[in-house]
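A look at the structure
So the chains spell out like this:
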Amino acid sequence: MSQETTITYSKVNEDIIKMLDKPTVKWWALFVFDLIVLGIGLLCFLYQVYTGLGVAGYSHPVFWAVYITNFVFWVGIAHSGTLISAILFLFRARFRMSIYRIAEAMTVFAVLTAGLFPIIHLGRPWNFYWLIPYPNQRELWVNFRSPLIWDVFAVSTYLTISSVFFFVGMIPDIAAIRDRVKEVPRKIIYTILSLGWKGSNWEWMHYTRAYLYLAAFATPLVISVHSVVSWDFAMANTPGWHTTIFAPYFVAGAIFSGLAMVITLVVPIRRIFHLEKYITISNFEAMAKMIILTSLIVSYAYGVEFFMAWYSGNPYEWEQFKYRATGDYAFFYWLMVFCNSLVPVLLWFKKIRTNIKALFIISLFINIGMWFERFNIIVISLSHEFMPSTWNLYKVSLVELGITAGSFAWFFMFFLLFIKTLPAVSIAELKEILPAPVKEAKTK
Amino acid sequence: MTKGQGVLGIFSYVDSTVEAIRNLKKAGYKDIKAFSPVPNHEIEEELKERESIVRFFTLTGGTLGAICGISFTVLTSLSWPIQTSAKPIVSLPPYMIIVFELTVLLGGLATLLGLLINARLRKNIPFSLYDPRFSEDKFGVLVVCKKDEVRDVEGILKSSGAEEIKFEGI
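Everything numeric here is computed off the predicted structure, so don't read it as measured data.

Below, the discussion takes up the overall build of chain B. A count of helical and extended segments in chain B gives five helices and four strands. Of the regular secondary structure in chain B, the N- to C-terminal order runs β-α-β-α-α-α-β-α-β. Projecting the C-alpha coordinates of chain B onto the three principal axes gives extents of approximately 80 × 35 × 25 Å. Out of the 170 residues in chain B, the part that is buried amounts to 41%.

Once that is clear, we can look at the overall build of chain A. A count of helices and strands for chain A gives 17 helices and zero strands. The principal-axis extents of the C-alpha atoms in chain A amount to approximately 85 × 55 × 40 Å. The long-range fraction of contacts in chain A, counting pairs at least 24 apart against all pairs at least 6 apart in sequence, stands at 81%.

Below, the discussion takes up the packing of helix H6 (residues 147-180) of chain A against helix H8 (residues 201-234) of chain A. All names here are of chain A. Contact geometry for H6 and H8: axes closest at 9 Å, N-to-C directions at 150 degrees. Of the possible angle classes, the one that applies to H6 and H8 is roughly antiparallel. Our pair here, H6 against H8, has a crossing hand that is left-handed. Residue classes in the contact of H6 with H8 are distributed as 20 nonpolar, four polar and two charged.

Many structure descriptions define interface size as the accessible area lost when the parts assemble. By the assigned domains, chain B splits into domain 1 (5-50 + 125-169) and domain 2 (54-118). With centres defined by C-alpha atoms, the gap from domain 1 of chain B to domain 2 of chain B works out at 45 Å.

Taking 1.5 Å per residue as the helical rise, H8 of chain A with its 34 residues ought to reach 50 Å, and the 49 Å between its terminal C-alpha atoms agrees with that figure. Most of H8 of chain A is tucked away, with 27 of its 34 residues classed as buried.

Here we take up unusual backbone geometry. Residues and elements named next belong to chain A. In the segment running from His 60 into Pro 61, the intervening peptide bond is cis, with an omega of 5 degrees. A positive phi angle, close to 55 degrees, is found at Leu 195, a residue other than glycine. Within the element layout of this structure, Leu 195 appears in the loop between helix H7 (184-193) and H8. Overall, the presence of 17 C-beta atoms within 10 Å leaves Leu 195 in the partly exposed class. A positive phi angle, close to 50 degrees, is found at His 274, a residue other than glycine. Examined against the element boundaries, His 274 turns out to sit in the loop between helix H9 (246-272) and helix H10 (281-311).

Turning to the confidence of the model for chain B, a few remarks are in order. Detailed reading of predicted coordinates is not advised where the pLDDT is low. Per-residue pLDDT for chain B averages 88, and the proportion of residues at 70 or more is 95%. The ipTM, which scores confidence in the relative placement of chains, is 0.91 for this predicted complex, and the corresponding pTM is 0.91.

What follows deals with the nonpolar core. Counting 145 residues, the largest nonpolar core has Met 106 and Val 262 of chain A as the members making the most contacts within it. Residue contributions to this core peak at 18 residues, all from H8 of chain A. Excluding residues that lie within four positions of it along the chain, Val 262 of chain A makes contacts with Ser 80, Ile 84, Ile 99, Ile 102, Ala 103, Met 106 and Met 287 of chain A. Listed in part, the 27 residues of the second largest apolar core include Phe 11, Phe 139, Leu 142 and Val 153 of chain B.

Moving on, we come to helix H12 (residues 330-342) of chain A. Residues and elements named next belong to chain A. Taken together, the buried positions of H12 are Tyr 333, Met 336, Cys 339 and Asn 340. Axial view of H12: buried residues confined to an arc of 140 degrees, hence all on one face. On its buried side, H12 packs onto H10, helix H11 (315-326) and helix H14 (356-383).

Here Glu 44 of chain B shows up in helix H2 (residues 41-47). According to the C-beta neighbour criterion, Glu 44 of chain B is partly exposed, with 16 such atoms within 10 Å. Between the C-alpha atoms of Glu 44 of chain B and Pro 88 of chain B, which are 44 residues apart in sequence, the distance is 54 Å. Ignoring anything within four residues of it in the chain, the contact list for Glu 44 of chain B reads Asn 201 and Met 205 of chain A.

Tracing the chain through its elements places Ser 128 of chain B in the loop between helix H4 (92-118) and strand S3 (139-145). For the pair formed by Ser 128 of chain B and Lys 166 of chain B, sequence separation is 38 residues and the distance between their alpha carbons is 9.0 Å.

The next subject is the interface of chain B and chain A. Contacts between chain B and chain A engage 56 residues on the former and 52 residues on the latter. Contributions of two or more residues to the side of chain B that touches chain A are made by helix H1 (14-26), strand S2 (32-35), H2, helix H3 (54-79) and H4 of chain B. Broken down by element, the side of chain B that touches chain A gets its largest block of residues, 16 residues, from H4 of chain B.

Residues and elements named next belong to chain A. At a minimum axis separation of 9 Å, H9 and H10 run at an interaxial angle of 145 degrees. Crossing hand, H9 versus H10: left-handed. Residues Tyr 249, Ala 252, Gly 253, Ile 255, Phe 256, Leu 259, Ala 260, Val 262 and Ile 263 of H9 form the contact with H10, whose own contacting residues are Phe 284, Met 287, Met 290, Ile 291, Thr 294, Ser 295, Ile 297, Val 298 and Ala 301. Grouping the amino acids of the contact of H9 with H10 by side-chain chemistry returns 15 nonpolar, three polar and no charged.

Now for the environment of Leu 20 of chain A. Residue and element names in this part refer to chain A. As for its placement among the helices and strands, Leu 20 is situated in the loop between helix H1 (9-18) and helix H2 (25-51). For Leu 20, a count of 18 C-beta atoms within 10 Å corresponds to the partly exposed category. Note: C-alpha distance between Leu 20 and Val 425 (405 residues apart in sequence) is 11 Å. Ignoring anything within four residues of it in the chain, the contact list for Leu 20 reads Ile 177, Lys 420 and Thr 421.

The rules behind these values
- Residues numbered from 1 in each chain as written.
- Chains lettered and ligands numbered in written order.
- Predicted model: local features only at pLDDT ≥ 70, side-chain atom pairs only at ≥ 80, totals over all residues.
- Helix = DSSP H or I, 4+ residues; strand = E, 2+ residues; numbered from the N terminus.
- Buried ≥ 20, exposed ≤ 12 C-beta atoms within 10 Å, placed from the backbone.
- Contact = placed C-beta atoms within 7 Å.
- Axes fitted to C-alpha atoms, helices over the stretch in contact; angles between N-to-C directions.
- Parallel < 35°, antiparallel > 145°, perpendicular 65-115°, else oblique.
- Left-handed = near helix turned anticlockwise from the far one by under 90°.
- Nonpolar A, V, L, I, M, F, W, Y, C, P; charged D, E, K, R; others polar.
- Domains from an automatic or database assignment.
- Expected span 1.5 Å × (residues − 1).
- pLDDT = per-residue confidence, 0-100.
- Core = buried A, V, L, I, M, F, W, Y, C linked by C-beta atoms within 7 Å.
- Arc of directions from axis to C-beta.

Structure, rendered in structure tokens:
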């Protein structure tokens, strides 16, 4: 924060809790529009359940397409939340403090969205619980060697731990809201949620320890989850998938896309709620620098994939990569390279990475680029496997587009509710970076 | 039966709070608690609480998770032993992913449990000896003492810079 000296502890409470004031007409309009889009997505899903997966545009050999693209995209979005809240916490990076709550919320809501897609993708979604190991009469158990089962464990653990981390981080702030609100129903809800927090030294001692251990657990978890998602592909021998670089490539890509989404979300929130003095240009600049780093890693992976395909002498692998760059889907491939490798180069210039509008636009390009990265990996690889006789093209259907739009609405529905019910910026942690009020300073 | 009398001093400054704790300790009072809107190292240093035992919950949860993960995967594989390709029935490398995830899951949940139990969030201090401003910008020092010590404690708190004093039987 640039104006640390002019911001007091009580001003932080006032400004952040003010965000929870009665929603405006604009908020309601946005919320209703969001619900309409969600409704369209839901109708598309019900239509698909009633009619069958055929309406999803799948055609042999492409049976993983937009739904799995969405799954990987949303899991990826979830990653930078924990990066900002846990990894940067362990590194004591102060710039995280004003943005980490939004990033954490984004994580939880993105995992909630991602978790829908493997179920939507099932022919008989009501049998999704077969993926969960549970005692049954026939003594059948899941196959623990299958990457899809690893996904179940990884994603559900990630959802649980990131929700716990998100909630624990909010306890002192919820107590601050409890102490300020007057209306009875809200007071009761915040009193329950604050778990009786009073800010005693005893509570802080256990709280800071617990938070540290949760951060220490969340850090390797972040890396494991997207590695596991990458192994959904890398464990198969499909050309374009069967490579050892997939885990680090996916993790870097996830952080890259997640950071872009944080910027996409934080820019309007900062403007609408006048949080300029808390979320400063230097916070954005730090995120932009991390985007530069992860963009370089992702671009390096794009290059290495091509090099390995050529150098390995494997004709199938080489054919696959030539097809990616020059085949039917070449436009999407080069769109991905443009958005993820070329556009972030602009961030090397300080003038651009400190310009909020430019950052917002760049973040939108990255979001698009990262969605198409997953699309390219999944669809192009499947449509052009070993046997030329099986090659076929995939065309997205309206039902898939409706469900995809619905998933964005699902994510934003949670987000809109979050910014009006819970503190979107951490009150306690913002105060930690302010100088503590001392009498000596006052008397001077 | 009451434990004693609670005397709560409310402060605006962290250095006055630390001074009050120091003076109370010098005067021989042991049952002292402090309130602050943020964790504060000076207060923590002055009160010198013993290390949090949440770490043992984390360790126990994590270990239990790892044991559950390995037993679950190995025993269920042995319970329905179908050999696929030339792979062994018990394939440890892929099972390590499940072991890792369950270690983190149970370790994280045990940490939450450790926080809830040890911080005694609901039972720690009665709300009558709490001031809503502690979550905003005020600091507090709560002393539990005998009835005849109340005036002495009040004097120490006031001389250290307390702006308000509250009394309550605990």
